[in-house]
Structures are given as structure tokens and as C-alpha cells.
Amino acid sequence: MYHYTDGGLRNVWLANGYTVRQTPYGEAVSFHDLEGLTQAICTALVRKPRALTRTEFRYLRASGLLLSQAALGSALGVDAQTVARWEKDAHIPKMADKLIRLTYLEHANGNVRLKSAFETLRAVERAMHGPQPSRVIVESRGEQWDARLEAADEAAEEAVGACG
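Bear in mind the structure is a predicted one, so any value in this text is a computation, not a measurement. Residue positions are given per chain, counted from 1 along the sequence in the order it is written. With the structure being a predicted model, the display of local features is reserved for residues of pLDDT at least 70 and the display and counting of side-chain atom pairs for 80 or more, all residues being used for whole-chain, interface and lining totals. In computing side-chain values, all of the structure's heavy atoms are included and hydrogens and water are not.

### Thoughts on the environment of Ser 68
Helix numbering and strand numbering both begin at the N terminus, where a helix is a DSSP run of H or I of at least 4 residues and a strand a DSSP run of E of at least 2. Inspection of the secondary structure assignment puts Ser 68 in the loop between α2 (54–64) and α3 (69–76). Only protein chains enter the accessibility calculation, which uses a 1.4 Å probe; a residue whose area is less than 20% of its type maximum is buried, one above 50% is exposed, and one in between is partly exposed. Under the relative-accessibility criterion, Ser 68 is labelled partly exposed at 24%. A C-alpha to C-alpha distance of 8.6 Å links Ser 68 and Glu 125, two positions 57 residues apart in sequence. Filtering out sequence-adjacent residues up to four positions away, Ser 68 remains in contact with Arg 61 and Glu 125. Only 3.0 Å separates the side chain of Ser 68 from the backbone nitrogen of Ala 71, close enough to count as a polar contact. Residue contacts follow a heavy-atom distance rule, with two residues in contact if any of their heavy atoms lie within 4.5 Å. Under this definition, polar contacts are N or O atom pairs within 3.5 Å; protein pairs additionally need one hydrogen-donor-capable and one acceptor-capable atom, and for neighbouring residues in sequence, both atoms have to be side-chain atoms.

### Considering unusual backbone geometry
In this structure, Leu 66 takes a positive phi of about 55 degrees despite not being glycine. By the secondary structure assignment, Leu 66 is in the loop between α2 and α3. Using a relative accessible area of 52% as the deciding quantity, one classes Leu 66 as exposed.

### Looking at the side chain of Thr 103
If you trace the backbone, Thr 103 turns up in helix α5 (residues 94–108). Residues in contact with Thr 103, not counting those within four places in the same chain, are Leu 65, Leu 114 and Phe 118.

### Comments concerning the layout of surface pockets
Of the voids in this model, the largest pocket is the one considered here, and its volume is about 250 Å³. If you trace the largest pocket, you find 13 residues lining it, with Glu 35, Gln 39, Gly 64, Leu 66 and His 107 closest to the centre. Those elements that provide at least two residues to the lining of the largest pocket are α1 (34–47), α2, α5 and α6 (112–129). Of the residues belonging to the lining of the largest pocket, the class tally is four nonpolar, five polar and four charged. Using only the protein atoms, space was sampled on a 1 Å grid; points where a 1.4 Å probe fits but cannot get out form cavities, open sets with protein on both sides within 12 Å along at least five of seven lines form pockets, and lining residues are those with an atom within 4 Å of a point. Grid points are joined across faces, edges and corners, and a volume is the space filled by probe spheres set on the points. When residues are grouped by polarity, Ala, Val, Leu, Ile, Met, Phe, Trp, Tyr, Cys and Pro land in nonpolar, Asp, Glu, Lys and Arg in charged, and all others, Gly among them, in polar.

### Some details on the pattern of salt bridges
Whenever Lys or Arg places a side-chain nitrogen within 4 Å of a carboxyl oxygen from Asp or Glu, that contact is recorded as a salt bridge. Within this structure, the stated rule accounts for seven salt bridges. The partner of Lys 48 in a salt bridge is Glu 56, and the shortest N-O contact between them spans 2.7 Å. Among the residues examined, Glu 56 registers a relative accessible area of 3% and is labelled buried. Sharing partners across several salt bridges, the network here consists of Glu 139, Arg 141, Asp 146 and Arg 148.

### Here's the deal with the nonpolar core
In summary, soluble globular proteins display a tendency toward joint burial of nonpolar side chains. Ile 41, Phe 57 and Leu 60 are the most contacted members of the largest nonpolar core, which has 26 residues in total. Taken together, the elements giving at least two residues each to this core come down to β2 (12–14), α1, α2, α3, α4 (80–88), α5 and α6. By residue number, the principal contributor to this core is α1, which donates five residues. Aside from chain neighbours lying at most four places away, what touches Ile 41 is Tyr 4, Leu 9, Val 12 and Tyr 59. Nine residue types can take part in a nonpolar core, namely buried Ala, Val, Leu, Ile, Met, Phe, Trp, Tyr and Cys, and a core is a set of them joined through side-chain atoms within 4.5 Å.

Shown next, in the form of C-alpha cells:
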């Protein structure tokens, strides 16, 4: 059996579904279906009768839901520091334990609205760390309005193009 310790987990053992081989750098392990493995672990964690440990909570957030602390905090109505504190300390409020379990189950069962909301949260986070838009361009398209954000470098190129 292989002791699977991804994400700091200490209580996961794989009976099969992996291959161990020797490389010039030592032993290497490959998993046959990493996404399926992650889902199986998350589903087992969600169904366990006891409260989640901080490591299990973090694994559900990061590996199961693919959310940052800030994004999960936003979804739960708390700030990123609160989520960080839950993952650092041994005490996770019962409300947070139950909500992350329910959220993962809905996500795993294909709740389209929830998946869309999480994709939006991840996109917002990526955008916050990337180039920031300088203008909002709004166009009338028949009976509806359409808006888009324009990055600073695009705005500068258009301004130069308009002058020349």
C-alpha cells in the first residue's frame, strides 16, 4: 500500500491505482487517474462522521474545490484571514465544516450554478493579479447593452491609433 500524503494528508492509503518506478533521482510514483483519486478522497472526507481536521478542510478547499482562501471566504461570507486561521488552528467552526462539505457535494454532483460561481471567483482572482483595465467600453447592441473591460495597454494602443 502507498501512503498518500498530498496536501499534508496523513490518513490516506492507496491499495492500487498507482505505479512505482525507479528513476536516476530515486523512486517515482505516478497515479493512474489523479482527478478521480482527488474526487474519491474528497468524497470520503465529506462523508466522515467526525469534524474535519484543518488539513482535511484545506484539502477540500484547495484540491476539491480549487479555491483560494480568499475565494472560499468570499463564498462563505468571511475574509481570507478567517479561512487561513481555520486552516492553521485546530478549531474549525461547525458552520464552516458543514458548509464546505455541502459545497463540495454540490460541486461534485454537477451543480452548474455553483460551478459557474466558482469559475467566476477564480477569474476575478486571476484578474486582480493581472493587468488592470483602464476603461469600460459599453456598446448598444439592438435592445441590449454590452460592456467589456479594456486593459491599459490596449487603451493606449487605441488612443495612439486614433491620433495617427
